Amino acid sequence: MRSLGLLWGSLFCGFAGWAILSAAAPANIFGTYSKPDTPDSIELKSAAAGKVGVAIRLVYAAGQSCQLEEVGVWKDHKVVVKAGGLTEDEPCVLELTFHGAQVRLKDAGLRCSKVFCGTRGTLDEVSLPKRVAATNKKPDR
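Residues numbered from 1 in each chain as written. Predicted model: local features only at pLDDT ≥ 70, side-chain atom pairs only at ≥ 80, totals over all residues. Heavy atoms only, no water.

(A) Representation of the overall build of the protein in the model. For the protein, the count of helices and strands is two helices and eight strands. Listing every helix and strand of the protein by position from the N terminus yields α-β-β-β-β-β-β-β-α-β. Among the 141 residues that make up the protein, the fraction classed as buried is 27%. Across the protein, contacts joining residues at least 24 apart in sequence account for 40% of those joining residues at least 6 apart. Of the accessible surface of the protein, which amounts to about 9700 Å², a share of 57% is contributed by carbon and sulfur atoms. (Helix = DSSP H or I, 4+ residues; strand = E, 2+ residues; numbered from the N terminus. Buried < 20%, exposed > 50% of the residue type's maximum accessible area, 1.4 Å probe, protein only. Contact = heavy atoms within 4.5 Å. Areas by Shrake-Rupley, 256 points an atom, 1.4 Å probe, with all protein chains shown as cover.)

(B) How the structure looks around the pattern of salt bridges. Evaluation of the coordinates by the stated rule reveals five salt bridges. A salt bridge links Glu95 to Lys78; the nearest nitrogen and oxygen atoms lie 3.5 Å apart. Here the residue Glu95 occupies a position in strand 6 (residues 90–99), and Lys78 occupies one in strand 5 (residues 78–87), the gap between them amounting to 17 residues. What makes Glu95 partly exposed here is its relative accessible area of 25%. Here Asp124 and Lys106 are joined by a salt bridge, their closest N and O atoms 3.5 Å apart. Pair noted here: Asp124 is in the loop between helix 2 (111–116) and strand 8 (127–129) and Lys106 is in strand 7 (residues 102–107), with a separation of 18 residues, a long-range link. Owing to a relative accessible area of 36%, Lys106 belongs among the partly exposed residues under this scheme. (Salt bridge = Lys/Arg side-chain N within 4 Å of Asp/Glu carboxyl O.)

(C) Looking closely at the environment of Ile56. Residue position: Ile56 is located in strand 3 (residues 52–59). In sequence terms Ile56 and Leu123 are 67 residues apart; their C-alpha atoms lie 9.0 Å from each other. Ignoring anything within four residues of it in the chain, the contact list for Ile56 reads Ser41, Ile42, Cys66, Gln67, Leu68, Leu94, Leu105 and Leu123.

(D) Geometry of the packing of aromatic side chains. Counted by the stated rule, this structure contains two aromatic pairs. A centroid spacing of 6.3 Å and a plane angle of 50° characterise the contact between Tyr33 and Phe98, whose relative ring orientation is tilted. With Tyr33 in strand 1 (residues 31–34) and Phe98 in strand 6, the pair connects residues that are 65 residues apart, well separated along the chain. Note on Trp74 and Phe98: the rings are 6.1 Å apart at their centroids and 40° apart in plane angle, and the pair reads as tilted. In this pair, Trp74 is assigned in strand 4 (residues 65–75) and Phe98 in strand 6, connecting sequence segments 24 residues apart. Each of the two residues, Trp74 as well as Phe98, counts as buried. (Phe/Tyr/Trp six-rings, centres within 6.5 Å; stacked < 30°, edge-to-face > 60°.)

(E) Molecular detail of the nonpolar core. Grouped together as the largest cluster of nonpolar side chains are 27 residues, with contacts concentrated most on Leu96 and Leu123. Contributions of two or more residues to this core are made by strand 2 (41–46), strand 3, strand 4, strand 5, strand 6, strand 7 and helix 2. With residues up to four places along the chain from it excluded, the contact list for Leu96 reads Ile42, Leu44, Val54, Lys78, Val79, Val81, Val103, Arg104 and Leu105. (Core = buried A, V, L, I, M, F, W, Y, C linked by side-chain atoms within 4.5 Å.)

Below, the structure written as structure tokens:
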């Protein structure tokens, strides 16, 4: 009877481990998102243990900016970044969703903006297209 319990436990742990491994972020989200001729950028990199490195730099009027470098997790088809907020009871939770070749930020309650942005900056509802690498096309003769 004990061996049956161990078997079920092993199977459960195996399935749980598989579920965690299958939740890795898709490779196509990684890269730099930015608009031409602006300093705004969102960079996503693969990090250890299936996590996602997130680096955001947005510039607003009068030199105000938002800068954030954190590690997020891939969950429910989005990257979720959790960081310290102004108070322990109100942490920063930033969601990055993907629509085609665009990334969109959602800062519920503007808790992340209050910590990582100047007065005129926001992380909420920012959307940037993925920068496409230039091709090494040979010039026509």
